[in-house]
Amino acid sequence: MKSKKGIQKQTGVISAVDMRQKKYKIMYAFLFAFMMILALSVIIPTVWIFLTGFKGSQEIYEIPARFFPKEFHLSRIGEAWKEIDISGNILATFILAFGEMAGMLLVCGFGGYVMSRLRPKGVKAVFVLVVLTMMMPSTVRIVPLYMSFVDFPIGHFSMLNTYWPMIMIASANAFNLVLFKNFFDSISMSIVESARMDGCGDIRVFFHIMVPLSTPVIVYTALRSFNAVWSDFLMPMLVLSDQKLQPVPTVIFRLKSTALVRINNYMMSLCIACVPPILIFIFFQKKIMGGINVGAVKG
């Protein structure tokens with residue numbers, strides 16, 4: 001790639017000058033082959049699941065196995081949809097996703113604002129504890145969290161068969177909190193001071209100054225939170241015994257043990273479950289790929 005002045009711009013790890021040497025050409029070929037193997041290891045199983053969803057029941061068990069189905073019939077999607085019947089669970093997943101997204105934006109946004117701008121006493125110690133929780137394995141927290149949701153310490157009531165456990169966990173996301181704090185640190189303090197001179201309190205500064213300037217980090221964390229619901233399995237499995245309330249990943253897992261669902265329809269259900277995250281990535285890929293950098297630079 002060349003700039004307007006004709007100077008070649010480096011866009012990769014290995015520059016054009018390095019590529020003139022044989023050792024760098026070999027290194028490039030090795031890295032390319034390695035990345036191709038990694039890509040195929042992800043793409044082939046996904047394509048196989050998609051193609052299996054269009055196969056007939058007898059085709060799946062044929063020996064030798066066929067990679068492509070004999071015929072493609074789009075009516076297979078409708079047949080699978082009627083058999084698996086997860087329309088209610090898809091709606092439940094969207095409700096849970098929006099609940100987690102709203103809770104995360106409220107708690108992490110306010111938390112990042114307090115740590116970045118208000119800075120009460122002890123905020124540094126709290127921030128260190130928040131960062132330390134990011135280093136803790138998530139499996140360590142499962143048992144204490146489940147015990148708290150079975151018998152909540154304040155009021156001694158159960159949160160089972162409600163969405164509150166997942167919303168509370170998503171709201172207390174340490175990574176998003178740190179991301180908000182770092183982004184708020186990058187906003188010029190003169191803007192905040194000008195708003196305070198005009199009579200804005202801390203709450204008005206947050207909603208009228210910080211939030212409009214924080215669109216990149218808000219969009220990225222919201223998309224990240226929304227997408228996480230479609231891969232969240234363990235906690236909904238533990239706290240939601242009512243199948244009508246369960247999100248799509250949990251329901252699909254339960255379909256695996258149901259003899260009434262054929263294997264090709266089960267594979268089609270996996271394809272259907274992948275559609276919302278794929279659409280989110282297609283329409284917002286620039287926000288998702290570039291959003292991780294929004295809280296990395298301090299002004």
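Residues numbered from 1 in each chain as written. Predicted model: local features only at pLDDT ≥ 70, side-chain atom pairs only at ≥ 80, totals over all residues. Heavy atoms only, no water.

Our focus in this paragraph is a nonpolar patch on the surface. On the surface, Tyr28, Phe32, Met36, Leu40, Val42, Ile43, Ile44, Val47, Trp48, Phe67 and Phe68 cluster together to form a nonpolar patch covering roughly 1000 Å² of accessible area. Among the structural elements, valine 42 can be located in helix 1 (residues 22–53). (Patch = residues over 30% accessible without salt bridge, like charges linked within 9 Å, V, L, I, M, F, W, Y side chains within 5 Å. Areas by Shrake-Rupley, 256 points an atom, 1.4 Å probe, with all protein chains shown as cover. Salt bridge = Lys/Arg side-chain N within 4 Å of Asp/Glu carboxyl O. Helix = DSSP H or I, 4+ residues; strand = E, 2+ residues; numbered from the N terminus.)

Counting residues in hydrophobic clusters, the biggest one holds 34 residues, and the most contacted among them are Tyr163, Met166 and Leu255. Among the elements of the structure, helix 3 (75–84), helix 4 (87–118), helix 7 (164–171), helix 11 (215–229), helix 12 (234–239), helix 13 (248–256) and helix 14 (263–291) are those that each provide at least two residues to this core. Per-element accounting of this core gives the leading share, six residues, to helix 14. With 23 residues, the next largest nonpolar core counts Leu177, Val192, Cys200 and Tyr220 among its residues. (Core = buried A, V, L, I, M, F, W, Y, C linked by side-chain atoms within 4.5 Å. Buried < 20%, exposed > 50% of the residue type's maximum accessible area, 1.4 Å probe, protein only.)

Turning our attention to helix 10 (residues 202–213). If you check helix 10, its first and last C-alpha atoms are 15 Å apart, about what twelve residues at 1.5 Å a residue would give, namely 16 Å. Those residues of helix 10 lying buried are Val205, Phe206, Ile209 and Met210. What you see down the axis of helix 10 is that its buried residues fit within an arc of 125 degrees, all on one side. Here the buried face of helix 10 lies against helix 4, helix 8 (174–186) and helix 9 (189–197). (Expected span 1.5 Å × (residues − 1). Arc of directions from axis to C-beta. Contact = heavy atoms within 4.5 Å.)

Attention now goes to the side chain of serine 214. Inspection of the secondary structure puts serine 214 in the loop between helix 10 and helix 11. Residue serine 214 is classed as buried on the basis of its relative accessible area, which comes to 0%. Beyond its immediate chain neighbours, meaning those up to four positions away, serine 214 contacts Phe183, Phe184 and Ile187.

At a minimum axis separation of 5 Å, helix 10 and helix 11 run at an interaxial angle of 70 degrees. In this view, helix 10 runs roughly perpendicular relative to helix 11, as classed from their interaxial angle. Contacts between helix 10 and helix 11 involve Val211, Pro212 and Leu213 from the former and Thr215, Pro216 and Ile218 from the latter. Tallied by class, the residues present in the contact of helix 10 with helix 11 amount to five nonpolar, one polar and no charged. (Axes fitted to C-alpha atoms, helices over the stretch in contact; angles between N-to-C directions. Parallel < 35°, antiparallel > 145°, perpendicular 65-115°, else oblique. Nonpolar A, V, L, I, M, F, W, Y, C, P; charged D, E, K, R; others polar.)

Aromatic ring pairs are defined here through the distance separating the ring centres and the angle between the ring planes. A complete count under the given rule lists 15 aromatic pairs for this structure. Judged by centre distance (6.5 Å) and plane angle (20 degrees), the ring pair of tyrosine 28 and phenylalanine 32 falls under stacked. Taken together, the positions of tyrosine 28 and phenylalanine 32, both in helix 1 and four residues apart, correspond to about one turn of that helix. Judged by centre distance (5.2 Å) and plane angle (50 degrees), the ring pair of tyrosine 113 and phenylalanine 206 falls under tilted. You can see tyrosine 113 sitting in helix 4 and its partner phenylalanine 206 sitting in helix 10, a full 93 residues away along the chain. An identical accessibility class is assigned to tyrosine 113 and phenylalanine 206; each is buried. (Phe/Tyr/Trp six-rings, centres within 6.5 Å; stacked < 30°, edge-to-face > 60°.)

Okay, unusual backbone geometry next. If you check the backbone angles, aspartate 85 has positive phi at about 50 degrees while not being a glycine. Note that aspartate 85 resides in the loop between helix 3 and helix 4. The exposure class of aspartate 85 is exposed, given its relative accessible area of 52%.

Let's shift gears to the environment of glutamate 59. In this fold, glutamate 59 is placed in helix 2 (residues 57–60). Overall, glutamate 59 belongs to the buried group, its relative accessible area being 12%. C-alpha of glutamate 59 to C-alpha of lysine 70: the two residues are eleven residues apart in sequence and 8.2 Å apart in space. For glutamate 59, the contacting residues outside a window of four places in its chain are Arg66, Pro69 and Lys70.

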